[in-house]
Amino acid sequence: MSTAPRYVPHYTIEDYRRWEGDWELIDGVPVSMSPSPFGPHERVVAELSRQILNQVIENECDCRVYTHLDWIVNDDTVVRPDLMVVCGVQPDRHLEQTPVAVVEVLSDATRQRELTAKQAIYLEHDVAHYLIVDPTDQTVLDVTKAAERSVGSGESMGLDLDDDSRIEIDAARLFV
């Protein structure tokens, strides 16, 4: 066994800004965003985006829906959730404030990272609702600091976005 120290690179947002291609940066470790998601994944993201956006407009809520926007969490962490809901001040470039809700749609390539590292980041930075959508099991899990709750296909889930706005997620529509 070697006694030599092991070099582990640690990257920052300044390094990240120079990279080409699609990357996330999690605690200083670069993570490739390739290959791009498959059809079922994108159908879920599109339907969820439609549901939330329609209700935001209907309720005249001060929130917006973003898909595939970078969230600069801190100097060594940049994530790109599948979908975010941002209330109040809206970003001109990348998001630099905590969103109200973050959605990740699980895939074989991302499942472990989204259930561990990304969940820890989202909860540590006070994301009110972290929705984990599992197309295989056809479930939606809402993780908050206080609790977890899950619904399956055929059920709905209510989310409070701010003091005045509540939306309903129709899980049955996500998996058709």
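Quick note: structure is the one above.
Read on for a plain summary of the structure.

1. Quick word on the layout of surface pockets
Estimates place the volume of the largest pocket at around 610 Å³. Residue lining of the largest pocket: 28 residues in total, with Pro35, Pro37, His41, Ser107 and Thr110 positioned closest to the centre. If you list the elements that add at least two residues to the lining of the largest pocket, you get helix 2 (39-58), strand 7 (101-105) and helix 3 (111-115). Per-element accounting of the lining of the largest pocket gives the leading share, three residues, to helix 3. A breakdown of the residues in the lining of the largest pocket according to their chemical character gives 10 nonpolar, eight polar and 10 charged.

2. A short note on the sheet that holds strand 9 (residues 139-143)
What the six strands build is an open sheet, ordered 3-6-7-8-9-10; its pairing is mixed. In this open sheet, the two strands that pair with only one neighbour each are strand 3 (63-66) and strand 10 (148-152). Strand-to-strand twist across the sheet, computed as the mean angle between neighbouring axes with direction ignored, equals 15°. As paired elements, strand 9 and strand 10 share five bridges and run antiparallel to each other. Looking across to strand 10, one finds that Asp142 is bridged to Arg149.

3. Structural notes on the state of the cysteines
Within the structure shown, the criterion is met by one disulfide. For Cys63, the disulfide goes to Cys87, at an S-S distance of 1.9 Å. As the torsion about the S-S bond is roughly 95°, the Cys63-Cys87 disulfide counts as right-handed. Taken together, the positions of Cys63 in strand 3 and Cys87 in strand 6 (residues 83-87) put the pair 24 residues apart, joining distant regions of the chain. Judged by relative accessible area, Cys63 falls into the buried class, the value being 0%.

4. Thoughts on the nonpolar core
Counting residues in hydrophobic clusters, the biggest one holds 27 residues, and the most contacted among them are Leu48, Ile52, Val85, Val133, Val140 and Leu161. The set of elements that each furnish at least two residues to this core consists of helix 2, strand 3, strand 6, strand 7, strand 8 (129-134), strand 11 (156-160), strand 12 (166-170) and helix 5 (171-174). Per element, the largest residue contribution to this core is five residues, and it comes from helix 2. With near-sequence residues (within four places) excluded, Val85 lies in contact with Ile52, Cys63, Arg64, Pro99, Val100, Ala101 and Leu161.

5. Digging into the environment of Gln97
Among the secondary structure elements, Gln97 is positioned in the loop between strand 6 and strand 7. Residue classification places Gln97 among the partly exposed residues on the basis of a relative accessible area of 28%. Distance from Gln97 to Tyr16, taken between C-alpha atoms, is 18 Å for residues 81 residues apart in sequence. Contacts of Gln97, omitting those with residues within four sequence positions, involve Trp71, Val86, Cys87 and Val89. At 3.0 Å, the side chain of Gln97 forms a polar contact with the backbone oxygen of Val89.

So, how was this worked out
Residues numbered from 1 in each chain as written. Predicted model: local features only at pLDDT ≥ 70, side-chain atom pairs only at ≥ 80, totals over all residues. Heavy atoms only, no water. 1 Å grid on protein atoms, 1.4 Å probe; cavity = no way out; pocket = protein on both sides within 12 Å on 5 of 7 lines; lining within 4 Å. Points joined across faces, edges and corners; volume = space filled by probe spheres on them. Helix = DSSP H or I, 4+ residues; strand = E, 2+ residues; numbered from the N terminus. Nonpolar A, V, L, I, M, F, W, Y, C, P; charged D, E, K, R; others polar. Pairing = 2+ DSSP bridges. Axes fitted to C-alpha atoms, helices over the stretch in contact; angles between N-to-C directions. Disulfide = S-S within 2.5 Å. Buried < 20%, exposed > 50% of the residue type's maximum accessible area, 1.4 Å probe, protein only. Core = buried A, V, L, I, M, F, W, Y, C linked by side-chain atoms within 4.5 Å. Contact = heavy atoms within 4.5 Å. Polar contact = N/O pair within 3.5 Å; in protein donor to acceptor, adjacent residues only side chain to side chain.

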